[in-house]
Structures are given as structure tokens and as C-alpha cells.
Amino acid sequence: MQTKSITFKILDIISVLLLATAVYLALVYAPEELQMGQVQRVFYFHVATAWTALLGFVAAGVAGIVYLVTKDSKWDIVEVSAVEISLVFFFITIVLGSIWARPIWNTWWTWDPRLTTAAVTELIYIAYFMLREGIEDPDRRARFGAVYTVVGSFSAPITFFAIRLFRTIHPVVIGAGDPSALGTFDMTSKMLVAFMFALFTFSVIFVDLFWNRIRMGNLASKVEQLKLSIM
Amino acid sequence: MFILDTPPDTSAYMVAGYVIFFILMILYLISLFIRTRNLNQELTILESMKVQSPSEIERPVAINPPQSAGRDLKRKTAKAKVGRSNRVKKKVIKKK
């Protein structure tokens with residue numbers, strides 16, 4: 001049985017404390033937005049989860065390249081871990097975005113370029129796990145998975161730049177965007193503090209979860225090897 | 001966009017957003033915990049299997065039948081052959 005190291009436990013505690021502070025900043029510290037009301041507070045976690053998820057998808061692609069070069073199975077574990085956590089974070093992003101859209105756009109969902117590319121990205125990585133489940137040979141599974149994540153990781157920058165490249169109703173809060181986009185707002189200094197803190201918090205949470213997931217991946221690999229040695 | 005005097009009441013959506021966020025995060029954490037626990041249990045079982053009786057696991061199961069069984073089988077086959085030939089002889093006599 002594996003036990004957690006002290007550093008690991010400290011990181012767990014820090015993550016929980018940071019999350020509590022981020023919730024406080026988003027719900028209490030940041031002022032209410034005048035056009036959209038309270039629902040705008042969803043923005044802090046919506047953007048933070050999206051940012052970390054997209055970075056995670058790119059990181060998985062990089063891990064895939066390293067695996068293809070080195071053929072070291074630890075990079076396969078890193079790749080799967082990054083994709084899994086990013087998938088969860090990106091799902092949260094889509095759900096929060098949909099909840100934000102309902103009162104502002106008067107619809108839960110629309111086939112806007114950003115929303116469409118986000119949905120496609122999510123589906124690409126769901127299919128990644130389906131592909132892995134379908135291959136029994138571990139080496140083949142890792143090789144196919146690596147190639148898939150390398151190709152799939154292109155969807156992350158496409159999703160990120162979709163609102164900057166195409167005409168869309170999705171607001172661009174940071175940087176220039178379409179002024180006619182619904183939901184655009186200027187951040188006050190307090191909003192900016194809450195936003196930056198949320199970005200930092202979710203980056204730490206991502207690292208913590210990533211570490212946990214890699215540990216679980218190593219455990220799974222150990223179990224698989226033991227099974228093979230016994231059989 | 002129109003400038004509103006008072007912001008619209010969208011607090012229900014905000015609450016829904018944060019509740020769903022926490023539910024999804026907790027579900028994922030539970031899934032991580034359960035999977036890790038199951039793997040740890042599996043690892044403990046496999047390690048104990050390997051340590052306790054590696055000879056039992058590696059030793060092939062005896063599938064050869066005892067020598068007496070072979071002798072009995074030969075005896076039975078011989079008896080059956082004798083019985084069959086006797087029946088054939090009787091039939092031939094009857095026909096004659």
C-alpha cells in the first residue's frame with residue numbers, strides 16, 4: 001500500500017485553502033457586475049478551469065511526443081493523467097458557460113464558433129479514452145494514445161483563438177474582441193484580483209490532481225505488471 | 001447594450017453554477033479515491049499471493065492419470081473385445 005508523502009499532503013491542504021479563498025474572492029470580494037448581475041461571478045471559475053484544461057491538453061500532447069521519442073511508459077501515464085484532469089476541467093467550463101449563457105444570451109447553447117470548438121475538443125478527448133479502452137496491448141495502446149494526443153492537442157489553440165479569429169457572440173474579456181459580443185465587460189481592479197487569484201488557484205489544483213493521478217497511474221502499472229508475472 | 005438602473009436578478013444561475021462545480025469536483029475526487037483504493041487492495045492481494053506460495057502458482061497441475069488406470073482400461077477393452085467376438089460366433093451358429 002502506498003502512503004502519501006508530507007509534501008503531497010501539504011499540497012492537498014494548500015489546494016483546499018486556495019479554493020476556499022478563490023470562492024470568497026469570487027462571491028464576496030469582487031463587485032457585482034451591473035449589466036449581468038450575480039451570474040457574472042461564474043466567470044472567475046469558468047475562465048480559470050478553461051485555461052488550465054487547455055494547457056493540460058497541450059501538456060498531454062507534449063507528453064505524447066516525449067513518449068514517442070523515448071518509449072518510456074511513464075510518459076504515457078503523464079499523458080493520460082493530463083488528459084483526464086483536463087477533460088474534467090473542460091467539462092466544468094462548458095457547464096458553467098452554459099449556465100452563464102442562459103440569462104445573458106437567453107439560451108443554454110448555441111453553435112457559436114467558440115462553443116462548437118469547445119464541444120469538439122471535449123468530444124475528441126472522450127474518444128481518446130474510448131480508443132485506449134479498445135486496445136489491450138499496453139505498448140500499442142500507449143503508442144496510439146500518444147499519436148492521438150499529439151494530433152488532438154491542436155484543438156486546444158484552435159478553441160482558444162476561435163473568439164479572436166471568427167465573428168462570435170462569445171465575449172473576449174482580455175484583449176480586443178468584437179464589441180457587439182454579448183456579455184463583454186470591463187474588469188475593475190477587484191475583479192482582476194479575483195480573476196488572477198482564480199487562475200493561480202486552478203493551476204495549483206491542477207498540479208495537485210495531476211500528481212494524484214500520476215501516482216494512481218504508477219500504481220495501476222505496478223498491478224498490471226504483477227498480474228502478468230503471476231500469470 | 002442598455003444601461004440598467006438595477007442589475008437583473010441572476011443569482012439563481014450563479015448559485016447553480018457554483019453548486020454544479022462543487023458536485024463535479026467532488027465526484028471526480030471520489031472517483032480518484034475509489035480507484036486508488038481498489039488498486040491498493042488489488043496490489044496487496046497480488047503481493048500476498050506472490051509471497052505466500054510462489055511454488056504453488058508456478059507448479060503445473062498434475063494431469064497424468066495413475067498407471068493403474070491405464071491397466072484397468074486395457075483389461076476392460078480386452079474383455080469387451082472377447083464379449084463381442086463371442087456374440088458374433090453365436091449369431092453365425094444360429095444362422096447355420
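Definitions and limits used
Residues numbered from 1 in each chain as written. Chains lettered and ligands numbered in written order. Predicted model: local features only at pLDDT ≥ 70, side-chain atom pairs only at ≥ 80, totals over all residues. Helix = DSSP H or I, 4+ residues; strand = E, 2+ residues; numbered from the N terminus. Contact = placed C-beta atoms within 7 Å. Buried ≥ 20, exposed ≤ 12 C-beta atoms within 10 Å, placed from the backbone. Nonpolar A, V, L, I, M, F, W, Y, C, P; charged D, E, K, R; others polar. Core = buried A, V, L, I, M, F, W, Y, C linked by C-beta atoms within 7 Å. Axes fitted to C-alpha atoms, helices over the stretch in contact; angles between N-to-C directions. Parallel < 35°, antiparallel > 145°, perpendicular 65-115°, else oblique. Left-handed = near helix turned anticlockwise from the far one by under 90°. Expected span 1.5 Å × (residues − 1). pLDDT = per-residue confidence, 0-100.

Another aspect to go through is the overall build of chain A. Along the backbone of chain A there are seven helices and zero strands. In chain A, the succession of α and β elements from N to C terminus is α-α-α-α-α-α-α. Expressed as lengths along the three principal axes of its C-alpha atoms, the size of chain A is roughly 65 × 40 × 25 Å. Restricting to contacts in chain A with at least 6 residues of sequence separation, those with at least 24 account for 75%.

Right, let's talk about the overall build of chain B for a bit. A count of helical and extended segments in chain B gives three helices and zero strands. From first element to last, N terminus to C terminus, chain B shows the α and β order α-α-α. Taking all 96 residues of chain B together, the buried fraction comes to 6%.

Let us now look at the interface of chain A and chain B. Contact residues are listed per partner, giving 32 residues for chain A and 28 residues for chain B. Within the residue set of the side of chain A that touches chain B, elements represented by two or more residues are α2 (42-70), α3 (73-105) and α7 (189-230) of chain A. The element contributing the most residues to the side of chain A that touches chain B is α7(A), with 10 residues. Partitioning the side of chain A that touches chain B into residue classes produces 20 nonpolar, five polar and seven charged.

A separate point is the environment of A:Ala119. All names here are of chain A. Note that Ala119 resides in helix α4 (residues 113-133). With 15 C-beta atoms packed within 10 Å, Ala119 lands in the partly exposed category. Note: C-alpha distance between Ala119 and Val78 (41 residues apart in sequence) is 24 Å.

With that settled, the discussion passes to the environment of A:Leu18. Residues and elements named next belong to chain A. Along the chain, the position of Leu18 falls in helix α1 (residues 6-29). Residue classification places Leu18 among the partly exposed residues on the basis of 19 C-beta atoms within 10 Å. Considered as a pair, Leu18 and Ala198 are 180 residues apart in the sequence and their alpha carbons are 8.5 Å apart.

What follows deals with the nonpolar core. Among the nonpolar cores identified, the biggest contains 54 residues, and A:Ala26, A:Val42, A:Tyr44, A:Phe45, A:Ala194 and A:Ala198 are the most heavily contacted of them. Listed by contribution, the elements that provide at least two residues to this core are α1, α2, α3, α4, α5 (138-152) and α7 of chain A together with α1 (11-52) of chain B. At 16 residues, the largest contribution of residues to this core is made by α3(A). The contacts of A:Ala26, once residues within four sequence positions are left out, are A:Arg41, A:Tyr44, A:Phe45, A:Ala194 and A:Ala198.

In this section: the packing of α2(A) against α3(A). Residue and element names in this part refer to chain A. Axis separation between α2 and α3 bottoms out at 7 Å; the angle between their running directions is 155°. In terms of orientation, α2 and α3 fall into the roughly antiparallel class. In this structure, α2 crosses over α3, and the sense of that crossing is left-handed.

All names here are of chain A. Not every positive phi belongs to a glycine, and Lys71 is a case in point at roughly 60°. Residue position: Lys71 is located in the loop between α2 and α3. The class of Lys71 is partly exposed, set by 13 C-beta atoms lying within 10 Å. Here Asn106, not a glycine, exhibits a phi torsion of approximately 65°, which is positive.

Residue and element names in this part refer to chain A. Here α1 contains 24 residues, and its C-alpha end-to-end distance of 32 Å stays within 8% of the 34 Å for a straight helix at 1.5 Å per residue. Those residues of α1 not exposed but buried are Ala22, Leu25 and Ala26. Looking at the buried residues of α1, the elements they touch are α2 and α7.

Okay, the packing of α2(A) against α5(A) next. Each pair of packed helices gets described by two things: the angle between the helix axes and the distance between those axes. Residue and element names in this part refer to chain A. α5 packs onto α2 with a crossing angle of 135° between their chain directions and a minimal axis gap of 8 Å. Compared by their axis directions, α2 and α5 come out oblique. Judged by the sense of rotation from one axis to the other, the crossing of α2 with α5 is left-handed. Side by side, α2 and α5 meet where Ala60, Gly61, Gly64, Ile65, Tyr67 and Leu68 of the first sit next to Ala142, Ala146, Thr149, Val150 and Gly152 of the second.

This part takes up α4(A). Spanning 21 residues, α4(A) covers 30 Å between terminal C-alpha atoms, matching the ideal 30 Å at 1.5 Å per step. Among all positions in α4(A), only A:Arg114, A:Leu115, A:Thr117, A:Ala118, A:Thr121, A:Ile124, A:Tyr125 and A:Tyr128 are buried.

Right, let's get into the environment of B:Thr6. All names here are of chain B. Inspection of the secondary structure puts Thr6 in the segment before α1. The class for Thr6 is exposed, based on 7 C-beta atoms found within 10 Å. With 40 residues separating them along the chain, Thr6 and Leu46 place their C-alpha atoms 65 Å apart.

So, on to the confidence of the model for chain B. Mean pLDDT for chain B: 74, with 50% of residues reaching 70 or above. This prediction of the complex comes with two scores: 0.81 for pTM and 0.90 for ipTM.

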